[in-house]
Amino acid sequence: LLLCNHFLDLTQAGSCAPPSIETAVQYFQSGQFEESIYCFEEAYTDARDIGEAVTILNNLMAVLHRAGKVARAESTAWRAIQLLPSSSKSWHNLALILQEQKRFNESLVAHRHAVLLARETVRAHMCSADPSLRKSTVAREACDSILKSMQMLYFYRRAVHEFTGQQEGDTE
């Protein structure tokens, strides 16, 4: 499972990221997960705004997951969603964690939220009259999120078929 490779993304934290975020990433990369968790938690308390707080929580969730603390990772995902319900990345991350726990119905709901939110973000940026927004990082990230969510929906449908012999939507 490539959860951490997908989650750990400091590009949204900005070029003025607090040193604790950089330290958290270094700890993560060296496999020192407890230290990384501590640093991300410290960075979260110092977050400058909701967007930065949600980015930090998404990164914290990845480290918690990698450290085997799945329940804490899930609760961290929900905390990020409570802070910013329109974050398609947070919904996508939650869907991955739920899917890994074989909670496929809940995972599908979270994936649908991620896809719908990402689609709205793309529409808002791509349909803008300002051509510079068409090349925005937010729009590209939203497109990436849509593609990843669609891919995960495919895997969900495949898992349902493998485990039950039914296609999604089939009734008994």
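Let us look at the structure shown here.

Reading guide: rules and limits
- Residues numbered from 1 in each chain as written.
- Predicted model: local features only at pLDDT ≥ 70, side-chain atom pairs only at ≥ 80, totals over all residues.
- Heavy atoms only, no water.
- Salt bridge = Lys/Arg side-chain N within 4 Å of Asp/Glu carboxyl O.
- Buried < 20%, exposed > 50% of the residue type's maximum accessible area, 1.4 Å probe, protein only.
- Helix = DSSP H or I, 4+ residues; strand = E, 2+ residues; numbered from the N terminus.
- Contact = heavy atoms within 4.5 Å.
- Phe/Tyr/Trp six-rings, centres within 6.5 Å; stacked < 30°, edge-to-face > 60°.
- Lys NZ or Arg CZ within 6 Å of the ring centre and 35° of its normal.
- Core = buried A, V, L, I, M, F, W, Y, C linked by side-chain atoms within 4.5 Å.

## Thoughts on the pattern of salt bridges
And then number 1: Throughout the structure, instances matching the rule amount to 5 salt bridges.
And then number 2: The residue Glu52 makes a salt bridge to Arg48 at a minimum N-O spacing of 2.5 Å.
And then number 3: Its relative accessible area of 5% is what places Glu52 among the buried residues.
And then number 4: The closest approach of N and O atoms between Glu106 and Arg103, which form a salt bridge, is 2.9 Å.
And then number 5: Given the relative accessible area of 39%, Glu106 is considered partly exposed.
And then number 6: Through salt bridges with shared partners, one network takes in Glu74, Arg103 and Glu106.

## Here we look at the side chain of Glu74
And then number 1: One can find Glu74 in helix H5 (residues 70-83).
And then number 2: Residues contacting Glu74, with those up to four places away along its chain left out, are Leu94, Ile97, Leu98, Gln101 and Arg103.

## Remarks on the packing of aromatic side chains
And then number 1: Counting across every chain of the model gives 2 aromatic pairs.
And then number 2: Both rings, one in Trp78 and one in Trp91, keep their centres 5.8 Å apart while their planes meet at 80°; by these two values the pair is edge-to-face. With Trp78 in helix H5 and Trp91 in helix H6 (residues 88-100), this residue pair connects regions lying 13 residues apart in the sequence.
And then number 3: Residue Trp91 is classed as buried on the basis of its relative accessible area of 11%.
And then number 4: One residue, Arg79, lies across the ring of Tyr44, its end atom 5.0 Å from the ring centre.

## Quick word on the nonpolar core
And then number 1: Ranked by internal contacts, the top residues of the largest apolar core, which has 26 residues, are Phe40, Leu60, Trp91, Leu94 and Ala110.
And then number 2: Secondary structure elements with two or more residues in this core: helix H2 (19-29), helix H3 (33-45), helix H4 (50-66), H5, H6 and helix H7 (104-126).
And then number 3: No other element matches the 7 residues that H4 contributes to this core.

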